[in-house]
Every structure is written in C-alpha cells, then in structure tokens.
Amino acid sequence: MDFLRPASWEEALAAKAEHPTAVPIAGGTDVMVEINFDHRRPEYLLDLNRIGELREWEVGADAVRLGASVPYTDIMENLRAELPGLALASHTVASPQIRNRGGVGGNLGTASPAGDAHPALLAADCEVEAESVRGTRLIPIDEFYTGVKRNALAPDELIRAVHIKKADGPQQYSKVGTRNAMVIAVCAFGIALHPETRTVRTGIGSAAPTPIRAKAAEEFLNAALEEGGFWDSKKIITPSVAKQFAELASGAANPIDDVRGTASYRRHAVGIMARRTLGWTWESYRGTGRSTEGVA
C-alpha cells in the first residue's frame, strides 16, 4: 500500500487523477477500521490532512459551505444555530476523540447507510461539492447515494465541501443504538421544518440500503399542515396526523436483520422517532416547547 501525501488541494486532485483507485483519508475514522480488520486493502491511500482549507467553513446568507474535513466537534460548538440538526447528529458520533477527527466528508465518501450525518443532511437539504482536475460540480444530496456504500462520485473526484441550507425553522435528530455512546446506529431519523417554503423534509439512516427520505410521509404532512392552516395558526398537530406521519415514515424503511437489530424493530423504531421528532420540532415552531438545541 502506497501513501500519497499532497500539500495542496491542487496536488490532491492531480494525485487522484493519476491514481483513481486511491482512497482518501482525513479523519480516518471509517477507513482505518476497515484496514485494521483487513476488510479493505487499497493500493493507495490519499492523505488529505495537510490541506487546511478542508477544515474551514463559511456562513453565507442562505447556506453554510462546510469543508469536507470540518470536525464534528467544530460543528457542535460553532454551527448549532445555522445547522441545528447536523449539530445534534454530531453529538451522537462515537466519542470525543472521534468527533475531534471525523467529518461529514468522510461520512459522505463512505456512504454507509449507518453514517450519523446522513439523516440530518437529507432533512436540511444540501449539495455536495465534488471536484476533479476536470472541474467542479454540485451534486444534490437526493442524488448522491447510489447504493450500499456507493455514491455518485466519479473515480477521479474528491469531496471538497458540502453546501447546507441554513435552518429557517426547527430541526431534530434521533438515533437508536444498543448503548448511549460508541455505537453504530440501529436506526436514525432526522427532520427539518422549512417554514419559508411551508415544507417538511426528513432523513432515515440505517434502515434501508442507502440513507433515504420518507417522501410519502413528507407529502402527507405537507398537505395536512397546509390544508389545516397549521403554519399560520401554529396550533397543535392532531394525534391522527402525527400517527399517519409516523406510519408512513415507518413504511419508507426497507431494513434488514443484523447483529444490531431486526428489520421489524427498525421499522417500529423509525415510526416512534418520526412521531417524537415531529412533536419536538412543532412545539419549538409554536414557541412553547423545546428548542432546536435540545438533544433528541
């Protein structure tokens, strides 16, 4: 295994173009586990740790440009107001040591359905900034996940940043694990209210071959909120609406049985998390409940 260590982004792109099979490594929290267990033995490792710009972020008028290697700790400490759902998801990542190393770019590159950031990214809505020596493109998050641990990146592309829409309403995140820390998700659920467009977006993790949105649940809830005048009145969502939303979210899941949980349990848990996170975000929107900074 050869170790490539570019000193600049341009050098990294050139190295990736010359060695398309090279596996990028930054935090290493996913890649090194696979290598240590001999699940993966790439011909080249492309070390991105010398490229400081990947650990920077910019807050714009409508979106945050988050460098691919910005540690989860920095998201928690500095971007809670702009990206509340992702900040909550970051809290659930492994341990403080891992949160100091790992970043969203690694989650996206690995594209594991159990990645903690995915539900929050899907709910918030974002675009992945991919670049190669051929140029730059923005990949909508809904088009990024193409299969089990597969994504839309071309062999010569690297993730430079993620452009995430700033929260214009409450967001929440919930995760089920076999313990409270240092655990891969049994399943996870993210939700974001978007009052400016009067829409709700969701994200489901570890309950399908790829991270997914519960689109039927979103469509039902968007219609129910609009037809019932909920956005304007801010009245309490009726139990029947919450129940139907939860059932549709559960139905969106397509999980498997594995050592962490059964498929039936995952479906059930997704429905529970959908109902609870909807309640929390709506209470926050009404101005009477917990804020977007509460831990799910």
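Look above for the structure.
Not measured: the values here are computed from a predicted model. (Residues numbered from 1 in each chain as written. Predicted model: local features only at pLDDT ≥ 70, side-chain atom pairs only at ≥ 80, totals over all residues. Heavy atoms only, no water.)

Before we go on, may I ask you to explain the packing of aromatic side chains in this structure?
How two aromatic rings sit relative to each other is set out by the distance from centre to centre and by the angle between their planes. Following the criterion strictly, the structure yields six aromatic pairs and no others. When the ring of Phe-230 is compared with that of Trp-282, the centres are 6.5 Å apart and the planes differ by 80°; the resulting orientation is edge-to-face. With Phe-230 in helix H9 (residues 230-233) and Trp-282 in helix H11 (residues 263-286), the pair connects residues that are 52 residues apart, well separated along the chain. Of the residues examined, Phe-230 reaches a relative accessible area of 6% and is grouped as buried. (Phe/Tyr/Trp six-rings, centres within 6.5 Å; stacked < 30°, edge-to-face > 60°. Helix = DSSP H or I, 4+ residues; strand = E, 2+ residues; numbered from the N terminus. Buried < 20%, exposed > 50% of the residue type's maximum accessible area, 1.4 Å probe, protein only.)

Would you mind showing me how to read the environment of Leu-158 here?
Turning to its location among the elements, Leu-158 is positioned in strand S10 (residues 158-165). Taking relative accessible area as the criterion, Leu-158 reaches 2% and is therefore assigned buried. Look past the residues within four positions of Leu-158 in its chain and what remains in contact with it is Trp-9, Ala-12, Leu-13, Lys-16, Pro-24, Leu-46, Glu-129, Ala-130 and Glu-131. (Contact = heavy atoms within 4.5 Å.)

Would you take a moment to explain the packing of helix H10 (residues 239-252) against H11 for this structure?
Between two packed helices, both the angle of their axes relative to each other and the distance between the axes serve to describe the pair. Between H10 and H11, the shortest axis-to-axis distance is 8 Å and the interhelical angle comes to 140°. With respect to their mutual orientation, H10 and H11 come out oblique. H10 and H11 meet at a crossing whose hand is right-handed. Touching Ala-242, Phe-245, Ala-246, Ala-249 and Ser-250 of H10 are Arg-267, His-268, Val-270, Gly-271, Ala-274, Arg-275 and Leu-278, all from H11. Taken together, the residues of the contact of H10 with H11 break down into seven nonpolar, three polar and two charged. (Axes fitted to C-alpha atoms, helices over the stretch in contact; angles between N-to-C directions. Parallel < 35°, antiparallel > 145°, perpendicular 65-115°, else oblique. Left-handed = near helix turned anticlockwise from the far one by under 90°. Nonpolar A, V, L, I, M, F, W, Y, C, P; charged D, E, K, R; others polar.)

What exactly am I supposed to notice about the pairing of strand S12 (residues 187-194) here?
Sheet faces and side chains relate simply in a regular strand, where the side chains alternate between the two faces. Here S12 lies mainly inside the structure; eight of its eight residues are buried. Alternating positions in S12 separate into two faces, Cys-187, Phe-189, Ile-191 and Leu-193 on one and Ala-188, Gly-190, Ala-192 and His-194 on the other, with burial throughout. Two strands pair when backbone bridges link them, and strand S11 (residues 171-176) and S12 are joined in this way by six bridges, in the antiparallel orientation. Pairing of Lys-175 across the sheet is with Ala-188, part of S12. Hairpin geometry of S12 and strand S13 (residues 199-205) is characterised by an intervening segment of four residues between the two adjacent antiparallel strands and by a positive phi of about 55° at Arg-198. (Pairing = 2+ DSSP bridges.)

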